[in-house]
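One letter stands for each residue in the lines below.
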Amino acid sequence: MNSPRPTSDSASDAAARVLSDGWSRRIENLRISVTDRCNFRCVYCIPEDIEWLPRKKLLTFEEITRIARVAIECGIKKLRLTGGEPLLRKDLPKLIGELARLPGLADLALTTNGTELPRLAKPLADAGLERINVSLDSLDRATFEKLAQRDALAQVLAGIDAAEAAGLLPISINCVVIRGVNDGEAVDFARFARERRFEVRFIEFMPLEHGQRWGEHALVPGHELRARIDAEFPLAPSPDQDPHAPSKDWIFADGAPGTVGFIDSVTAPFCQTCNRIRLTADGKLRTCLFSLREHDVLGPMRAGIDDAGLAELLVGAVATKELKHHISDGLFVKPERTMSRIGG
Ligand code: SAM
Ligand code: SF4
């Protein structure tokens, strides 16, 4: 953000309402999906024949800003906009501007597939966006197309350039790895991080896809990728590791710029330190990516709930946050929503 944010009296008034779950985890991170629509069809994320939500079911900018304001008053410090593809939501810089002005917000970020960044990077930065994550699963055109089901590598690389030029730094790259498809590119991505001063994060494939692609055969444990990179470019643990961040970050031991990180959600879950909740584009609060129940926020808002009631709703929902996911213990039930409809 370019200028310091104002502080708020109402934020301190609401300090009594802290978002803390039944396992003493303090929730400080809210991810907001602004649309379920997407111009890609990533094989691990979205059904090919998906039907979009009708517009009237989407949270309006006013509703999103109000929920964010009340959530910040209850202790949320970081907001990240996601989707679907968030840059497809019309007038997104306007929403960014409104969120950036909220008192008490420490960090405002966005996750995107990058295709619209050549057009929007500068307006987003001017509106107050601080950082972005760009998803990029392959540096090879054919492999990229195989995963995104769109021939758009050049467009995404141009988007990354535009984000850099707009000062949305440091740029993080998200790479979901699927065995036999793009796992051979780990060292190429590490080289990309070094050359461009990027934070490249490898994300383990999670069972939130449409259909049945996920399985042991498709999953590449993060430690395997780390060993491959370390053999080419020796790594050292990052001295700046955030204990709540899902990504475990590593720097290059030879002092080269850039980092590589590993989000090992399946093989090394970080549920114990999870401090995040999610709001879907249709206004449902989810306390875990893998939640089987949701808390409706849109309905009560449109029925006239006041700010105190909204805060109570958030506090009550967070109290039910799940201890952990069950991917590896035989109790796992796949949520009905695919990742694109949750907001990753
Ligand atoms: N469209 C934007 C994008 O692709 O960056 C934002 C939404 S997308 C759902 C957010 C992140 O979730 C992306 O980095 C994507 O790669 C990741 N993702 C989607 N499905 C996933 C899955 N099944 N396992 C792991 N990560 C996934
Ligand atoms: Fe769209 Fe992002 Fe899902 Fe790919 S990962 S289909 S870009 S929402």
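Just so it is clear, the model here is predicted, and its values are computed rather than measured.

Draft legend 1. Spatial organisation of the overall build of the protein chain. Within the protein chain, the regular secondary structure consists of 11 helices and 12 strands. Here the C-alpha radius of gyration of the protein chain, 19 Å, is about what a compact globule of 344 residues would show, namely 20 Å. Along the first, second and third principal axes, the C-alpha atoms of the protein chain reach 55 × 45 × 40 Å. Residues classed as buried in the protein chain amount to 56% of the 344 residues present.

Draft legend 2. Spatial organisation of the environment of alanine 121. You can see alanine 121 is positioned in helix 4 (residues 117–127). Judged by relative accessible area, alanine 121 falls into the buried class, the value being 1%.

Draft legend 3. The packing of helix 4 against helix 6 (residues 153–165), seen in detail. Interaxial distance between helix 4 and helix 6 falls to 8 Å at its minimum, and their mutual angle equals 20°. Between helix 4 and helix 6, the angle falls in the class roughly parallel. Note on packing geometry: the crossing formed by helix 4 with helix 6 is right-handed. Along the contact surface, helix 4 presents Leu117, Pro118 and Ala121, while helix 6 presents Gln155, Ala158, Gly159, Ala162 and Ala163.

Draft legend 4. Layout of empty space enclosed by the protein. On inspection of all chains with the given rule, the structure shows 1 cavity of 30 Å³ or more. Estimates place the volume of the largest cavity at around 30 Å³. For the largest cavity, the full set of lining residues is Ser33, Thr35, Asp36, Leu53, Thr280, Ala281, Asp282, Arg337, Ser340 and Arg341. In terms of residue class, the lining of the largest cavity is built from 2 nonpolar, 4 polar and 4 charged.

Draft legend 5. Representation of the side chain of asparagine 133. Here asparagine 133 is to be found in strand 4 (residues 131–135). Those residues in contact with asparagine 133, other than ones at most four positions away along the chain, are Arg80, Leu110, Thr111, Thr112, Ser172, Asn174 and Arg201.

Draft legend 6. Spatial organisation of the layout of surface pockets. Here the second largest pocket is characterised by a volume of approximately 230 Å³. Around the second largest pocket, the lining is made up of 13 residues, and of these Arg286, Glu294, Pro335, Glu336 and Arg337 lie nearest the centre.

Draft legend 7. How the structure looks around the pattern of salt bridges. Across all of its chains, the model carries 29 salt bridges by this definition. The closest approach of N and O atoms between arginine 69 and glutamate 73, which form a salt bridge, is 3.8 Å. Residue arginine 69 and its partner glutamate 73 are located together in helix 2 (residues 61–73), separated by 4 residues, close to a single helical turn. Among the residues examined, glutamate 73 registers a relative accessible area of 14% and is labelled buried. The partner of arginine 286 in a salt bridge is glutamate 294, and the shortest N-O contact between them spans 2.6 Å. Classification of glutamate 294 as partly exposed rests on a relative accessible area of 31%.

Draft legend 8. Structural view of the site of ligand 1. Among the 18 residues in the neighbourhood of ligand 1, the closest are listed as Tyr44, Gly84, Ser135, Asn174 and Met206. Within the contact set of ligand 1, an oxygen atom lies 2.5 Å away from a side-chain nitrogen or oxygen of serine 135. Taking asparagine 174, its side chain carries an N or O atom lying 3.1 Å from an oxygen atom of ligand 1. In isolation ligand 1 exposes 550 Å². Once the protein is present, 95% of that is buried. For the shell around ligand 1, the elements supplying multiple residues, two or more each, are strand 3 (107–112), strand 5 (172–177) and strand 6 (199–204). Looking at the shell around ligand 1 residue by residue, the classes come out as 7 nonpolar, 9 polar and 2 charged.

Draft legend 9. Summary view of the nonpolar core. Among the nonpolar cores identified, the biggest contains 105 residues, and Leu79, Ile173 and Phe202 are the most heavily contacted of them. No other element matches helix 2, which puts 7 residues into this core. If near-sequence neighbours (up to four positions away) are discounted, phenylalanine 202 is found in contact with Cys175, Val177, Ala186, Phe189, Leu225, Ile229, Val260, Gly261, Phe262 and Ile263.

Draft legend 10. Representation of unusual backbone geometry. Omega for the bond connecting leucine 169 with proline 170 falls within 30 degrees of zero, at -5°, which places this linkage in the cis form. Residue position: proline 170 is located in the loop between helix 6 and strand 5. With a phi close to 65°, serine 24 is a non-glycine residue in the positive phi region. Residue placement: serine 24 occurs in the loop between helix 1 (9–13) and strand 1 (29–33).

Draft legend 11. Structural detail: the site of ligand 2. Around ligand 2 sit Cys38, Phe40, Cys42, Tyr44, Cys45, Ile46, Gly84 and Asn113, and that is every residue in its neighbourhood. Taken together, the residues of the shell around ligand 2 break down into 6 nonpolar, 2 polar and no charged.

Draft legend 12. The packing of aromatic side chains, seen in detail. A full pass over the atoms with the stated rule returns 6 aromatic pairs. Considering the side-chain rings of phenylalanine 192 and phenylalanine 198, the 5.4 Å spacing of their centres and the 75° angle between planes classify their relative orientation as edge-to-face. Taking the relative accessible area as the measure of exposure, phenylalanine 192 reaches 10% and is therefore buried. With relative accessibility at 1%, the residue phenylalanine 198 sits in the buried group. Through a chain of ring-to-ring contacts, three or more aromatic side chains come together here, namely Phe189, Phe192, Phe198, Phe202 and Phe262. Directly above the aromatic system of phenylalanine 252 lies the positively charged group of arginine 194, at a separation of 4.9 Å from the ring centroid.

Each value, and the rule that gives it
- Residues numbered from 1 in each chain as written.
- Chains lettered and ligands numbered in written order.
- Predicted model: local features only at pLDDT ≥ 70, side-chain atom pairs only at ≥ 80, totals over all residues.
- Heavy atoms only, no water.
- Helix = DSSP H or I, 4+ residues; strand = E, 2+ residues; numbered from the N terminus.
- Rg over C-alpha atoms; globule rule 2.2 N^0.38 Å.
- Buried < 20%, exposed > 50% of the residue type's maximum accessible area, 1.4 Å probe, protein only.
- Axes fitted to C-alpha atoms, helices over the stretch in contact; angles between N-to-C directions.
- Parallel < 35°, antiparallel > 145°, perpendicular 65-115°, else oblique.
- Left-handed = near helix turned anticlockwise from the far one by under 90°.
- Contact = heavy atoms within 4.5 Å.
- 1 Å grid on protein atoms, 1.4 Å probe; cavity = no way out; pocket = protein on both sides within 12 Å on 5 of 7 lines; lining within 4 Å.
- Points joined across faces, edges and corners; volume = space filled by probe spheres on them.
- Nonpolar A, V, L, I, M, F, W, Y, C, P; charged D, E, K, R; others polar.
- Salt bridge = Lys/Arg side-chain N within 4 Å of Asp/Glu carboxyl O.
- Near = heavy atom within 4 Å.
- Polar contact = N/O pair within 3.5 Å; in protein donor to acceptor, adjacent residues only side chain to side chain.
- Areas by Shrake-Rupley, 256 points an atom, 1.4 Å probe, with all protein chains shown as cover.
- Core = buried A, V, L, I, M, F, W, Y, C linked by side-chain atoms within 4.5 Å.
- Phe/Tyr/Trp six-rings, centres within 6.5 Å; stacked < 30°, edge-to-face > 60°.
- Lys NZ or Arg CZ within 6 Å of the ring centre and 35° of its normal.

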